[in-house]
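What the coordinates show
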Amino acid sequence: MFWRRLLIGLSLALNVVLLYRLVWSDQGMVAYKTLKQQCTAMEARLKDLDTRNLALSREIRLLQADGKYVEKMIRKRLNFVKDNEILYIFPETQAEAATPGAGSDEGKN
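Residues numbered from 1 in each chain as written. Predicted model: local features only at pLDDT ≥ 70, side-chain atom pairs only at ≥ 80, totals over all residues. Heavy atoms only, no water.

1. Comments concerning the overall build of the protein
In plain terms, the rule: Helix and strand assignments follow DSSP, with helices taken as H or I runs no shorter than four residues and strands as E runs no shorter than two, numbered in order from the N terminus. Exposure is judged per residue with a 1.4 Å probe applied to protein chains only, and the accessible area is read against the type maximum: over 50% gives exposed, under 20% gives buried, and values in between give partly exposed. Methods summary: accessible areas were calculated by the Shrake-Rupley approach with a probe of 1.4 Å, and residue burial reflects only the protein chains presented.
Within the protein, the regular secondary structure consists of 4 helices and 0 strands. In sequence order, the protein lays out its α and β elements as α-α-α-α. Residues counted as buried form 6% of the 109 residues belonging to the protein. Of the roughly 10,300 Å² of accessible surface on the protein, a fraction of 60% belongs to carbon and sulfur atoms.

See below:
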């Protein structure tokens, strides 16, 4: 009778320890859910980076091969103009539009 109760008590204690480890330990269900969320976030970030990488690769190919695209980017990003052209720079937000004198630069680079 004593050995039987001792065996049942040890079995219950072992089950409690195993249940604790299954749910709350470093390798348990809670940690698994956290790691799964991190993995999902990393996969989304990887997808975004792949998309950006593809766009940059396309732009590199265009810059290396297409002279018109190079000219377009220089004009757009550096505000270069050709002879007899006037450059108007318009504000991008309404707050800038309310500022007098904003975007009135004209000239030739």
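What follows picks up the thread again.
2. Examining the UniProt feature "coiled-coil region" (unreviewed entry) in the protein
How we decide: UniProt positions are given in the numbering used here, feature names are shortened, and annotations may be inferred rather than shown by experiment.
As annotated in UniProt, the feature "coiled-coil region" (unreviewed entry) corresponds to residues 32-66 in the numbering used here. Annotated as residues 32-66, this span is 97% helix and 0% strand, and its ends, taken at the C-alpha atoms, are 50 Å apart.

3. Describing the packing of helix H2 (residues 29-65) against helix H3 (residues 67-78)
To keep things clear, this is the line we draw: In this description, a line fitted to the C-alpha atoms serves as the axis of each element, helices being fitted only across the stretch in contact, and the angle between N-to-C directions of two axes falls anywhere from 0 to 180 degrees. Every angle not falling under 35 degrees, over 145, or within 65 to 115 is termed oblique; those three ranges are roughly parallel, roughly antiparallel and roughly perpendicular. Contact criterion: two residues are considered in contact whenever any of their non-hydrogen atoms come within 4.5 Å of each other. Gly counts as polar in this scheme, as do all residues outside two lists: the nonpolar Ala, Val, Leu, Ile, Met, Phe, Trp, Tyr, Cys and Pro, and the charged Asp, Glu, Lys and Arg.
It is the contact of H2 with H3, at a shortest axis distance of 6 Å, that shows an interaxial angle of 110°. Here H2 is positioned roughly perpendicular relative to H3, judged by the angle of their axes. Residue-level contacts link Glu59, Leu62, Leu63 and Ala65 of H2 to Gly67, Tyr69, Val70, Met73 and Arg77 of H3. A breakdown of the residues in the contact of H2 with H3 according to their chemical character gives 6 nonpolar, 1 polar and 2 charged.

4. Some words on the packing of aromatic side chains
What counts here: Only the six-membered ring of Trp is used, alongside the rings of Phe and Tyr, when aromatic pairs are assigned; centres must lie within 6.5 Å, and planes under 30 degrees apart are stacked while those over 60 apart are edge-to-face, with the rest tilted.
The tally for this structure, following the rule as stated, stands at 3 aromatic pairs. Here Tyr20 and Trp24 contribute two aromatic rings whose centre-to-centre distance is 6.1 Å and whose plane-to-plane angle is 35°, an arrangement assigned as tilted. Linking Tyr20 with Trp24, this pair stays in helix H1 (residues 2-24), spanning 4 residues, or about one helical turn. Here the aromatic rings of Tyr88 and Phe90 are separated by 6.5 Å at their centres, their planes lie at 20°, and the arrangement is stacked. You can call Phe90 exposed: its relative accessible area is 66%.

5. Here we look at a nonpolar patch on the surface
This is how the line gets drawn: Here the term patch refers to residues with relative accessible area over 30% and no salt bridge, with like charges joined within 9 Å and nonpolar side chains (Val, Leu, Ile, Met, Phe, Trp, Tyr) within 5 Å. We define a salt bridge as a contact between a side-chain nitrogen of Lys or Arg and a carboxyl oxygen of Asp or Glu at a distance within 4 Å.
A grouping of Phe2, Trp3, Leu6 and Leu10 is seen on the molecular surface, where their side chains present a nonpolar patch of about 510 Å² in accessible area. By the secondary structure assignment, Trp3 is in helix H1.

6. Notes on the confidence of the model for the protein
Going by this rule: A residue's pLDDT is the predictor's confidence in that residue, given on a scale from 0 to 100.
Mean pLDDT over the protein: 85, with 85% of residues reaching 70 or higher. Mean pLDDT values for the elements of the protein range from 57 in helix H4 (residues 94-98) up to 96 in H2.

7. Things to note about the side chain of Glu59
Relative to the elements of secondary structure, Glu59 occurs in helix H2. Residue classification places Glu59 among the buried positions, given a relative accessible area of 17%. Look past the residues within four positions of Glu59 in its chain and what remains in contact with it is Tyr69, Met73 and Arg77.

8. Some points on the side chain of Ser25
As for its position among the elements, Ser25 is in the loop between H1 and H2. A relative accessible area of 17% places Ser25 in the buried class. Those residues within four positions of Ser25 in sequence are excluded, and the remaining contacts are Tyr20 and Ala31.

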